[in-house]
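Coordinate analysis (summary)
Below are the chains, spelled out letter by letter.
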Amino acid sequence: MRNINYLLLLTAVLCLGSCKQVPPPEAFGPVPSERQIKWHEMEYYAFVHFSMNTFTDIEWGYGDKNPALFNPSELDTRQWVKVFKDAGMKGVIITAKHHDGFCLWPSEYTDYSVKNSPWRNGKGDLLKELSEACKEAGLKFGVYLSPWDRNYANYGKPEYITYFRNQLKELLTNYGDIFEVWFDGANGGSGYYGGANETRSVDRKTYYDWQNTYKIVRELQPDAMLFSDAGPDTRWCGNEEGWVGEANWNLLRRDEVWPGYPNYEELRYGHEDGTHWVPAEVDVSIRPGWFYHKSEDHKVKTVPELLNIYYNSVGRGGNFLLNFPVDQRGLVHEIDEKRVRGLAAILKEDFKEELAKNKDAEATSVRGNSSKYDASNVNDGNKETYWTTNDEITTASLTIDLEQPTEINRFLVQEYIQLGQRVQEFTLDGFVDGDWKELASETTIGYKRILRLPTVTVSKLQLNIKKSKACPVISNIEVYKAPKVVVAPEIKRNKKGMITIHSADKELEVYYTTDGSEPTKSSNRYSKSFEYDKKSEIKAIVLDKQSGKSSPVSSETFDISKKKWKVLNSKDENVAKIFDGESSTSWGQSGKKMPLDLIVDLGRINKIAGFRYLPDQSRWSSGIIFNYEFYTSASGRNWKLKSKGEFSNIKNSPIWQTKTFDTAKTRFIKLRAIKNTDNNNKAGYAEFDIITE
């Protein structure tokens, strides 16, 4: 019995020695607040732009429109919220007031609001409806309040700041908990201003007295995040394209930045030497515009485009704020809904099976040799545990044994940001066929980093911290094999007659035909661009041989090659863009007055029976031709009118326009723009083509 007691005592002593309390690392640099940590964990939520602009078909209202124009016929905020929740979003931010000053709630401080619209007989309150729908569905609710107000008579004067703050207080006290308050950087310019119709400028740094405005938010909604270019809680990502830098610091020299900051490119990456924790929010619209325009129904971002945005935002440690331009009915449009549900389906599959959880992990260094900071903490499913090293060790490696050769293509890693953002450089190696192979070399990690890798078979993975501001603190690692993105490929032909076929997933095989027949796995396999300048119908599919899945068939019809085509009445080298096969590029012409001619030499005599015109597809498209005339000539001197009229509904639907006529033998053609949709002296072209016999 005495020997047993002695052994128990010895065991206890040894355990106390090996399990001694090793203090955690001290926080390094700026760290997030509790509200910021909760915000980081949201990751993905919706933005809604819906207001007077929806009914006037413009992006930035002037502030002079009649409130009677605001009259959605089927407004249903529960439909919005269902779409957002089903898509995996955690909240929604609504444009309560945009730059035109029109309020979506019955503000007691202005008549320019829903209370003077026919919607709900002037008794409606969109914010009330949406906030209640969010509460029912368990989504968080946020508000956008434009600092600029082009309707208010006293904008630019001290009186406006009182007005602005009074409206802010209404938003913060009448609609429950607010998770984020959004202020953008558009401030000052031309406007209605109560009928003055003038241009007003303000000092963006001082006019709004932001610090005292922020105090109102802190007092009334202490858990709300504050967004602007400069934060103070979350910053703009420096673009509206849907990405934040691969090197993305959650830090900012906040006192040097303000709403409307001119060096906004810096916001894409943050400041490595930042003084405050101000993470990036990636705001982007699912369409080119922020408000609904019927003319953009064919420009909704594709699922692969949305997937890229997800990985370039959430996958780089930013939060993804996806805008929905609610339509004139007051609904999320069917096309937008279909695309965002498509994204949700892919993300669900991408992160379906975690391959590294609870697998054996070991590190080259563990803080104080304590199990509290062991390598196994990175894949234990507990976000509050982490692996770290002694203070003086800033380079180290961690290896996870997957136990058997395993196909992977996603690697997710997180720092324990409560102690600051530390890692400056890291690599990822995989044990492939008995040797270590570098799979990726990157910079920052922060809250979350997700690497999309070429599919590779590995039996082990090794995270190498190459450079860190202080000892690395890694809280989570996850590994996945995402399925391939099997969507219809894109087929293009350039001016030289070169065909390219693009798949959203480069690891998939593409098969095509040139005779209009349906492609199969027995058809031509696409490997690189090829010349095919004949009149033809090219069809293609994408095939995932591993799963057996194939995409819908893509089909493009091409007429004769444009290799010898030349525009005769312009020396601008950019005019070639109208023949390049890229709808995203464009060329425009302008003059003192209409009409404007586009004269083309086809290089040889052709029998043509019509033409096709695609207007400028850019967000700020210019010179969309409405009324036209089309001429042919064998010599380039004597012209014959073959077609005239209008491109009906082209403003609302700026897609390919096709006109046919009796066959004519011609070498020279002339498209005459008689009038455009904006009633100015411009003509714009994305693409132009002919129809041969």
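Residues numbered from 1 in each chain as written. Predicted model: local features only at pLDDT ≥ 70, side-chain atom pairs only at ≥ 80, totals over all residues. Heavy atoms only, no water.

**Quick look at the overall build of the protein chain**
Looking only at helices and strands, one finds nine helices and 35 strands in the protein chain. C-alpha extents for the protein chain along the principal axes are approximately 120 × 70 × 40 Å. Across the 693 residues that make up the protein chain, the buried fraction comes to 56%. Residue pairs at least 24 apart in sequence account for 74% of intrachain contacts in the protein chain once pairs closer than 6 positions are excluded. (Helix = DSSP H or I, 4+ residues; strand = E, 2+ residues; numbered from the N terminus. Buried < 20%, exposed > 50% of the residue type's maximum accessible area, 1.4 Å probe, protein only. Contact = heavy atoms within 4.5 Å.)

**Some points on the packing of aromatic side chains**
Applying the stated rule across the entire model yields 52 aromatic pairs. Ring centres of Tyr-152 and Tyr-160 lie 5.7 Å apart, and the angle between their planes is 50°; on these two criteria the pair is classed as tilted. Look at Tyr-152 and you get buried, because its relative accessible area is 19%. A residue is classified by how much of its surface remains accessible, and Tyr-160, at 0% relative accessible area, is buried. (Phe/Tyr/Trp six-rings, centres within 6.5 Å; stacked < 30°, edge-to-face > 60°.)

**Digging into the nonpolar core**
Residues Trp-80 and Phe-84 are the most contacted members of the largest nonpolar core, which totals 81 residues. If one sorts the elements of this core by residue count, helix α6 (residues 158-173) sits on top with seven residues. Beyond its immediate stretch of four places on either side in the chain, Phe-84 contacts Ala-46, Val-48, Met-89, Val-92, Leu-139, Phe-324 and Val-332. Membership of the second largest hydrophobic core comes to 37 residues, among which are Trp-387, Tyr-416, Leu-428 and Val-473. (Core = buried A, V, L, I, M, F, W, Y, C linked by side-chain atoms within 4.5 Å.)

**Section: the pairing of strand β2 (residues 91-97)**
In terms of burial, β2 is largely enclosed, as seven of its seven residues are buried. For β2 and strand β3 (residues 140-145), the ladder comprises six bridges, and the chain directions are parallel. Considered in β3, the bridge of Ile-93 is made with Gly-142. Chirality of the crossover, the property in question, places the unit of β2, helix α5 (residues 126-137) and β3 among those that are right-handed. (Pairing = 2+ DSSP bridges. Right-handed = clockwise from strand over helix to strand, strands pointing away.)

**Describing the sheet that holds strand β20 (residues 490-493)**
Judged by pairing direction, the sheet is antiparallel, and its three strands sit side by side in the order β20-β21-β24 without closing on themselves. The open sheet is flanked by β20 and β24 (530-531), the only strands paired with a single partner. As judged from the two bridges shared by strand β21 (residues 498-502) and β24, these two strands associate in the antiparallel manner. When the sheet's bridge partners are listed, Ile-499 is paired in β24 with Phe-530.

**A look at helix α2 (residues 34-42)**
If you check which residues of α2 are buried, you get Gln-36, Ile-37, Trp-39, His-40 and Met-42. One or two steps after α2, the chain reaches Glu-43, where phi turns positive at roughly 70°.

**Here we look at the side chain of Ser-570**
Of note, Ser-570 is situated in the loop between β28 (566-567) and β29 (587-590). Look past the residues within four positions of Ser-570 in its chain and what remains in contact with it is Val-575 and Trp-587.

**Quick notes on the environment of Leu-251**
As for its placement among the helices and strands, Leu-251 is situated in strand β9 (residues 251-252). Sequence spacing of Leu-251 and Leu-398 is 147 residues, and the spatial spacing of their C-alpha atoms is 26 Å. Residues contacting Leu-251, with those up to four places away along its chain left out, are Pro-30, Arg-235, Gly-270, His-271, Glu-272, Gly-274, His-276, Trp-277, Val-278 and Lys-469.

**Concerning the state of the cysteines**
One pass over the full model with this rule turns up zero disulfides. Considering cysteine sulfurs only, Cys-103 is the nearest to Cys-134, which forms no disulfide, with 19 Å between them. A relative accessible area of 0% places Cys-134 in the buried class. (Disulfide = S-S within 2.5 Å.)

**Concerning the pattern of salt bridges**
Under the criterion given, the structure shown has 43 salt bridges. The closest approach of N and O atoms between Arg-525 and Glu-509, which form a salt bridge, is 3.3 Å. Pair noted here: Arg-525 is in strand β23 (residues 524-526) and Glu-509 is in strand β22 (residues 509-513), with a separation of 16 residues, a long-range link. The exposure class assigned to Glu-509 is buried, which follows from its relative accessible area of 17%. (Salt bridge = Lys/Arg side-chain N within 4 Å of Asp/Glu carboxyl O.)

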